[in-house]
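Each chain, letter by letter, is given below.
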Amino acid sequence: MANLISVILLAGGSGMRLRGDVPKQFLLLKGKPVAAHSLELFEAHPDVSEIILVCDVAYHALFTTYSKVRFAPPGERRQDSVFNGLQVVSSDAHLVCVHDAARPHLSQPDLDAVIQEARIYGAAALATPARYTLRERDAQGNIRCTLDRSQIWEMHTPQCATPDLLKQGFALAQEKNQTVTDEVALIELTGHPVKLVLGSSLNFKITTSDDWKLSTALCQHTS
Ligand code: C5P
């Protein structure tokens, strides 16, 4: 009972860019909803005690066969969905692990690595170093400057932290009326460092139709 992990699996977005009627996290990928792919990895993990699936009640029926799943309602912004999930997290959780349901290709070694670092440092997130030259543009669409790519990382999920750090981050965000894009930004508000954990670029978030093609090709490749 020493290391209970609660997962908040975010499936509350309404992005219908890939298909007009169903949000991307519920489209069928290799015969099951996109969200079920990472959910099954968490369900099988011995240290995960519960999975708070943040999604519209209309989709609950897709996930009732999983024994660790509990539900929370989505909020307007991503951070509101995380906040709603956090309200349902058990009081005995040692670590909260937030994951985008739209990232179905999370691997077991990457999950274990980010959990391990979060246990040591209190907060950790999967990320990959920037692969391309990055430039900032001005309002006219011209290049303003070139960024130092060696210091820039792309953030992925899971992003893991102790429940206390997340709560402190939310309190500060609310106080400052601040919108944040991920949990790392919440922890940053507290001043607590967040450990970057090298992940795989296969843990991409399905956003475009090209991502969808890549995802289905990956599933064929691994079947
Ligand atoms: O929209 P985006 O792809 O950045 O969302 C990342 C993840 O957060 C998705 O899995 C989406 O379902 C979830 N989300 C949510 N609640 C929101 C917005 C997004 O759970 N209000």
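A short tour of the structure in this document, coming up. (Residues numbered from 1 in each chain as written. Predicted model: local features only at pLDDT ≥ 70, side-chain atom pairs only at ≥ 80, totals over all residues. Heavy atoms only, no water.)

**Digging into the sheet that holds strand 5 (residues 69–72)**
Strand order in the open sheet made by the seven strands is 5-4-1-6-10-7-11, with mixed pairing throughout. Here the strands that pair on one side only, and so sit at the sheet edges, are strand 5 and strand 11 (195–198). This sheet shows a mean twist of 30° between the axes of neighbouring strands, independent of strand direction. Relative to strand 10 (residues 153–161), strand 7 (residues 123–129) runs antiparallel, the two sharing six bridges. Each residue of the ladder has a partner; that of Ala123, found in strand 10, is Ala161. Contacts from helix 2 (residues 78–88) reach strand 1 (5–10), strand 4 (48–54), strand 5, strand 6 (95–100) and strand 10, with the element oriented near 145° to strand 1. Docked against the sheet, helix 5 (residues 183–190) engages strand 6, strand 7 and strand 10, running at close to 75° with respect to strand 10. (Pairing = 2+ DSSP bridges. Helix = DSSP H or I, 4+ residues; strand = E, 2+ residues; numbered from the N terminus. Axes fitted to C-alpha atoms, helices over the stretch in contact; angles between N-to-C directions. Contact = heavy atoms within 4.5 Å.)

**Describing the environment of Ile51**
Mapped onto the elements, Ile51 comes out in strand 4. Considering only alpha carbons, one finds Ile51 and Arg70, 19 residues apart in sequence, at a separation of 6.1 Å. Not counting the four nearest positions on each side in its chain, Ile51 is found in contact with Val7, Leu9, Leu39, Phe42, Glu43, Lys68, Val69 and Arg70.

**Focus: the layout of surface pockets**
The calculated volume of the largest pocket comes to roughly 520 Å³. Broken down by secondary-structure element, the contributors of at least two residues to the lining of the largest pocket are helix 2 and strand 10. Of all the elements, strand 10 adds the most residues to the lining of the largest pocket, at four residues. Each residue belonging to the lining of the largest pocket can be placed in one class, and the counts come to eight nonpolar, 13 polar and nine charged. Of the voids in this model, the second largest pocket is the one considered here, and its volume is about 300 Å³. Around the second largest pocket sit 16 residues that line it, and Thr128, Arg131, Glu154, His156 and Ser201 are the ones nearest its centre. The element best represented in the lining of the second largest pocket is strand 10, accounting for four residues. Of the residues contributing to the lining of the second largest pocket, the split by class is eight nonpolar, three polar and five charged. (1 Å grid on protein atoms, 1.4 Å probe; cavity = no way out; pocket = protein on both sides within 12 Å on 5 of 7 lines; lining within 4 Å. Points joined across faces, edges and corners; volume = space filled by probe spheres on them. Nonpolar A, V, L, I, M, F, W, Y, C, P; charged D, E, K, R; others polar.)

**Some remarks on empty space enclosed by the protein**
One pass over the full model with this rule turns up one cavity of 30 Å³ or more. Taken as a whole, the largest cavity holds about 40 Å³ of empty space. Classifying every residue of the lining of the largest cavity gives eight nonpolar, one polar and one charged.

**Structural notes on the packing of aromatic side chains**
Under the criterion given, the structure shown has three aromatic pairs. A centroid spacing of 6.1 Å and a plane angle of 55° characterise the contact between Phe26 and Phe63, whose relative ring orientation is tilted. Highlighted residues: Phe26 in the loop between strand 1 and strand 2 (28–29) and Phe63 in the loop between strand 4 and strand 5, separated in sequence by 37 residues. Like Phe63, Phe26 is buried. Counting every residue linked through ring pairs, the aromatic cluster contains Phe26, Tyr59 and Phe63. Taking NZ or CZ as reference, Lys195 lies 4.8 Å from the ring centre of Tyr121, over its face. (Phe/Tyr/Trp six-rings, centres within 6.5 Å; stacked < 30°, edge-to-face > 60°. Buried < 20%, exposed > 50% of the residue type's maximum accessible area, 1.4 Å probe, protein only. Lys NZ or Arg CZ within 6 Å of the ring centre and 35° of its normal.)

Everything listed here is a matter of geometry and, on its own, says nothing about what the molecule does.
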